[in-house]
Amino acid sequence: MVPLLRSRLALIGLLGAFLIPIGVSSLRGVTHVITCQEATNVPFAVSLPQGGAPTVSSAATFERGGDDTLCGGLRLNVRVGRLDADTLRVTLPIENGTKHTWQGTAKLDLGGTAVPVRLGKVRPGQTVERTVNFNVDPGVHEINGSLLIGP
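Everything in this summary refers to the structure shown in the same document. The structure presented is a predicted model; accordingly, all values stated were derived computationally and were not measured.

### Details of the overall build of the protein
From N to C terminus, the protein includes one helix and ten strands. Taken from the N to the C terminus, the helices and strands of the protein come in the order α-β-β-β-β-β-β-β-β-β-β. In the protein, buried positions account for 30% of the 151 residues. Taking the intrachain contacts of the protein between residues at least 6 apart in sequence as the baseline, contacts between residues at least 24 apart amount to 64%. Per element, the accessible surface of the protein, about 9800 Å² overall, is 55% carbon and sulfur.

Right under this line is the structure:
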């Protein structure tokens, strides 16, 4: 093999080795750097009997004087309601109680399937609300949420 060709192939192989991690990485739907990740502790259970109306239930516990903020001053109040016979509406209002602008994504866990919902930038003192509709199959499902925040 010609030495010039051999050195070019070695250079291409070296560059390819550096590009492998980029090619196999996944941001899982997030479009920003994550500096804080915290879960909301309010799970929702959805029961949809075959041919019946869905039932949505949840339970939250509050402590007197407790801090219900996430990531140092953000509040995410996930709400789930029935839209029709097999569709749920998940409402994600996030309130920024800090003095910094944040960019965020809410990650909803729908029975083992992670669904990212982009919240966008939230300025200090501002509340941003996103709504997402989900079709549910018959059976019992659990919905959990977490907040993925970046600068």
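That covers the picture; the talk isn't over yet.
### A closer look at the environment of aspartate 137
Relative to the assigned elements, aspartate 137 resides in the loop between β9 (127-135) and β10 (139-150). Along the primary structure aspartate 137 and aspartate 86 are separated by 51 residues, whereas in three dimensions their C-alpha atoms are 7.1 Å apart.

### Quick look at the nonpolar core
Grouped burial of nonpolar side chains is what soluble globular proteins tend to show. Of all hydrophobic cores here, the largest spans 25 residues; its most connected members are Val78, Val80, Val90, Leu92 and Ile94. Only β2 (44-48), β4 (74-76), β6 (87-96), β7 (102-110), β8 (113-122) and β9 provide two or more residues apiece to this core. Here this core gets four residues from one element, more than from any other, and that element is β6. In contact with leucine 92, not counting residues within four places along its chain, are Leu76, Val78, Ala106, Leu108, Val117, Leu119, Val128, Glu129 and Arg130.

What counts and how
- Residues numbered from 1 in each chain as written.
- Predicted model: local features only at pLDDT ≥ 70, side-chain atom pairs only at ≥ 80, totals over all residues.
- Heavy atoms only, no water.
- Helix = DSSP H or I, 4+ residues; strand = E, 2+ residues; numbered from the N terminus.
- Buried < 20%, exposed > 50% of the residue type's maximum accessible area, 1.4 Å probe, protein only.
- Contact = heavy atoms within 4.5 Å.
- Areas by Shrake-Rupley, 256 points an atom, 1.4 Å probe, with all protein chains shown as cover.
- Core = buried A, V, L, I, M, F, W, Y, C linked by side-chain atoms within 4.5 Å.

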